[in-house]
Amino acid sequence: MTSAADVQQALAAVADPDDAVFLQRFFKTGPGEYGEGDVFIGVRVPQTRTVAKRFAGLPLPEVRLLLDSPVHEHRLAGLVILNAAFARASSARHRDDSERSRLVDFYVEAVRDGRVNNWDLVDSSAEYVLGAYLVDRPRDLLDELASSPVLWERRVAVLSTFAFLKVGDASTTLALAARLLDDPEDLMHKAVGWMLRETGKRVDRELLLGFLDDHAARMPRTMLAYATEHLDADTRAAYRAVPRERRGAARSGSAVAES
């Protein structure tokens, strides 16, 4: 039987010390930064995914050992393996709802235990496990996570909604975005803005514009920039120019510009 130690050894075999130095900086691991204390051994994401693919059947207790590791690449490999397990349990031919539930419980426990604790770890797992599971289920858990004082739990809530957007449902994305307008973290501004952008691209441009009409004046600048970056230049500029005390003016202005 393969083990977490086997995965760790395979990752060590492709690690590059120079990449470790770069990744420590890129993921902001210094004192007071969002990734403070995270440890990298220097394995790039494509290599990590290649290694994880070799251990797709790793037992869940061994996956937990990877997630408990202080090494970032170990945790990412564990999440990639978990994604694959959830996809297998969700396949049309071999769907296993009991296993899907078990895997989601495992994932949520890892999130709440602080094991999914950097933006790439969240972004590479939330939609594929928790989001995919909740597509046709009540989503109260996302409300709980969005209310958490922990940045990564709030980001899991928002990124999970990507799964809903991919099937044409923007309701939860928009509800969470409205709740998180005053979030203090730039990484949340980016996440919310990204999901708003995807709302306009994948679901309905009018839904995005309606949200911007209501909230552009309150949106942090980074969130607004991400949300509008795919719009035409005149509409994008009009929303970004909305004074913070005004609401709803950009759309009428852009309509004039487009007429």
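How each quantity is defined
- Residues numbered from 1 in each chain as written.
- Predicted model: local features only at pLDDT ≥ 70, side-chain atom pairs only at ≥ 80, totals over all residues.
- Heavy atoms only, no water.
- Phe/Tyr/Trp six-rings, centres within 6.5 Å; stacked < 30°, edge-to-face > 60°.
- Helix = DSSP H or I, 4+ residues; strand = E, 2+ residues; numbered from the N terminus.
- Buried < 20%, exposed > 50% of the residue type's maximum accessible area, 1.4 Å probe, protein only.
- Lys NZ or Arg CZ within 6 Å of the ring centre and 35° of its normal.
- Axes fitted to C-alpha atoms, helices over the stretch in contact; angles between N-to-C directions.
- Parallel < 35°, antiparallel > 145°, perpendicular 65-115°, else oblique.
- Left-handed = near helix turned anticlockwise from the far one by under 90°.
- Contact = heavy atoms within 4.5 Å.
- Nonpolar A, V, L, I, M, F, W, Y, C, P; charged D, E, K, R; others polar.
- Salt bridge = Lys/Arg side-chain N within 4 Å of Asp/Glu carboxyl O.
- Core = buried A, V, L, I, M, F, W, Y, C linked by side-chain atoms within 4.5 Å.

1. A word on the packing of aromatic side chains
Any pair of aromatic rings gets described here by the distance separating the centres and the angle formed by the planes.
Alright, step 1. A full pass over the atoms with the stated rule returns eight aromatic pairs.
Alright, step 2. Each ring, one from Tyr34 and one from Trp152, has its centre 6.0 Å from the other, and the planes form 75°; the classification is edge-to-face. Of this pair, Tyr34 sits in the loop between α2 (17-26) and α3 (45-54) while Trp152 sits in helix α10 (residues 151-160), and the two are 118 residues apart along the sequence.
Alright, step 3. By relative accessible area, Tyr34 is classed as partly exposed at 28%.
Alright, step 4. Among the aromatic side chains, those forming a connected cluster through ring pairs are Phe22, Phe26, Phe27, Phe40 and Trp119.
Alright, step 5. Directly above the aromatic system of Tyr133 lies the positively charged group of Arg137, at a separation of 4.0 Å from the ring centroid.
Alright, step 6. Over the aromatic face of Phe164 sits the side chain of Arg139, whose NZ or CZ is 3.7 Å from the ring centroid.

2. Some points on the packing of helix α4 (residues 60-67) against helix α6 (residues 97-112)
Alright, step 1. The interhelical angle for the contact between α4 and α6, taken along N-to-C directions, is 20°, at an axis separation of 11 Å. When the interaxial angle is binned, α4 and α6 end up roughly parallel. Relative to α6, α4 is oriented so that their crossing is right-handed. Together, Leu60, Val63, Arg64 and Leu67 of α4 and Arg102, Leu103, Phe106, Glu109 and Ala110 of α6 make up the contact between the two elements.
Alright, step 2. Residue composition of the contact of α4 with α6, by class: six nonpolar, no polar and three charged.

3. Regarding the pattern of salt bridges
Alright, step 1. Counted under the stated rule, the structure contains 22 salt bridges.
Alright, step 2. With its nearest N and O atoms 2.9 Å apart, the salt bridge here joins Arg102 to Glu99. Of this pair, Arg102 and Glu99 are both found in helix α6, three residues apart, which corresponds to roughly one turn of the helix.
Alright, step 3. The class of Glu99 is partly exposed, set by a relative accessible area of 23%.
Alright, step 4. One salt bridge connects Glu229 with Arg197, and the closest N-O pair in it is separated by 2.0 Å. Note that Glu229 is positioned in the loop between α15 (221-228) and α16 (233-240) and Arg197 in helix α13 (residues 186-203), a separation of 32 residues in sequence.
Alright, step 5. Accessibility expressed as a relative area gives 40% for Glu229, which makes it partly exposed.
Alright, step 6. One network of salt bridges, with partners in common, ties together Arg197, Glu198, Lys201, Arg202 and Glu229.

4. Focus on the nonpolar core
Soluble globular proteins tend to pack their nonpolar side chains together in the buried interior.
Alright, step 1. Val7, Tyr107, Leu130, Leu196, Leu212 and Met219 are the most contacted members of the largest nonpolar core, which has 74 residues in total.
Alright, step 2. For this core, the leading source of residues is helix α5 (residues 72-90), giving nine residues.

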